[in-house]
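Working through the structure, step by step
Residue strings, one per chain:
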Amino acid sequence: MKWILALCLLVSSQPIAGDYVLRGTGSMNENDGVRPMNVLLLYADDWRYNTLGVAGNPVVETPVLDALSREGVRFTENCVTTSICWISRATLYSGQYLARHKFKRIGKNFNVPQNETVYSLMKKHKYTVGHVGKLGLNVELNRRLNFDFYDEYEGWHWKRIGDRLWHITEKNTADALRFLREKPKDKPFFLNVAYYATHAVDTDERQYFPQRASMSMYLNDTIFEPEDTYDKMPYFFSQENEGRNRWRWRFDSHEKHQRMMKNYYRMASEVDTSVGIIVDQLQKSGELNNTMIIFTTDNGNFHAEHGLADKWYPHQESIRVPLIIKDPRMDDEYKGTVNDAFTLNVDLTATILSAAGVNVPPTMMGRDMSVLYMNGGLKGEPAMQSRQLANTKDGRHYPQPAKDGGGKYHSGSENTWRTECKFEFRENFL
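Described in the following lines is the structure provided in the data block.

Rules used throughout
- Residues numbered from 1 in each chain as written.
- Predicted model: local features only at pLDDT ≥ 70, side-chain atom pairs only at ≥ 80, totals over all residues.
- Heavy atoms only, no water.
- Helix = DSSP H or I, 4+ residues; strand = E, 2+ residues; numbered from the N terminus.
- Buried < 20%, exposed > 50% of the residue type's maximum accessible area, 1.4 Å probe, protein only.
- Areas by Shrake-Rupley, 256 points an atom, 1.4 Å probe, with all protein chains shown as cover.
- Phe/Tyr/Trp six-rings, centres within 6.5 Å; stacked < 30°, edge-to-face > 60°.
- Pairing = 2+ DSSP bridges.
- Axes fitted to C-alpha atoms, helices over the stretch in contact; angles between N-to-C directions.
- Contact = heavy atoms within 4.5 Å.

Helix and strand content of the chain: eleven helices and twelve strands. In the chain, which comprises 430 residues, the proportion classed as buried is 61%. Accessible area of the chain: about 17600 Å², with a carbon and sulfur share of 49%.

So this is what it looks like as structure tokens:
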């Protein structure tokens, strides 16, 4: 196997403006020490960093996620360490780089101990744990150890189940609401709503199948079409390359590009609507102000840039993904801001566990991102103290040099969160 290292740089941060407001988004500090915080993970598929209106996309409409970003922090330089569905998801569940969890082939050899996944650790810590939608491993996790509520499905956009024809995003929404209504009222919860949208149906040449009510969206928009620069790719990118094959499926004519991208954006807007419905349920149940909400995705997506489609390669379109965190503990000064710290999907696991008060196992390789927006942020006293403690203790929740990989994973200078990462992929995707 060949592993490729990619260095990623930082840019400046700026405030977010907007007028769409979430209800029930007051300070949560009054709950500190009273009851454990809930964690809601909204985990979409194949969204790149700018598939959001608030990120400057001139076409796609995502008013709910835009509002969520105005109540929390939007991380503009967030990346995945491997831009492949199952590997990225294994990283989320394990808190490990591919080099450690070694889940290279879907459906084979997920060897992370079942009692060390984010699900099982949250459940052990007395959380009610749910998963709806795409697990993405093609491997059975131990239900007893990992879940109280589990409904896994993927690979389709429309499907008849019983006497109803479901769109997959509608079913994601219905199952999330079912979990929220049926869960015990006296326990905190962790729920992963793992949307299949905007992943294509790879076995159908039409690729994207939005809900019927969405088909009126974007009719009069013209989607930007990148220049086909595939001839400038390295010599080993042949015409048989899978990313090039999928470019031909989706983008090799003006009409096809417009149709594919409009349907892609329609499905993104459907996820946004779903998020609004789920957040409304939390508001109705009185739980919104004690719930950490995270929106992110498993990998990015080429929209014909570099003459490619789908993901896999270490371009920003492929590895840079949205991340919005709305946290009850967040300092007021950070609400509605953007943050350009170089965060990674491997950090999500430690962030979720730390929010629940769960000790992060030393096998996990990420960092708790809350240090970037709590207690004064990166320059606050807790973060500065943790750097001093790092000289003698293996504290894994704060920005300090990590011991994994002989120093390959580190935060750079004492005033930065992270300056580089190891990007991994398998050579057979070339």
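There is more to say after this.
Quick look at the packing of aromatic side chains now. This model, assessed by the stated rule, comprises 18 aromatic pairs. Measuring from centroid to centroid gives 5.4 Å for Tyr93 and Tyr119, while their planes differ by 40°, and the two rings are tilted. Of this pair, Tyr93 sits in helix 2 (residues 85-94) while Tyr119 sits in helix 4 (residues 118-124), and the two are 26 residues apart along the sequence. In this structure Tyr119 comes out as buried when scored by relative accessible area, which is 1%. Seen from their ring centres, Phe237 and Tyr313 are 5.0 Å apart, and the 70° between their planes marks the pair as edge-to-face.

Reading across the sheet, the eight strands line up as 4-3-7-1-8-11-2-12 and stay open at both edges, with mixed pairing between neighbours. Edge strands, defined here as strands with exactly one partner in the open sheet, are strand 4 (149-152) and strand 12 (337-339). Shown here is a sheet whose adjacent strand axes are inclined to one another by a mean of 15°, direction ignored. Alignment of strand 8 (residues 291-297) against strand 11 (residues 323-326), held across four bridges, turns out to be antiparallel. Looking at strand 11, one finds that Ile293 is bridged to Lys326. Where helix 2 meets the sheet, its contacts fall on strand 1 (38-44), strand 3 (128-133) and strand 7 (189-194), and the angle it forms with strand 1 comes to roughly 170°.

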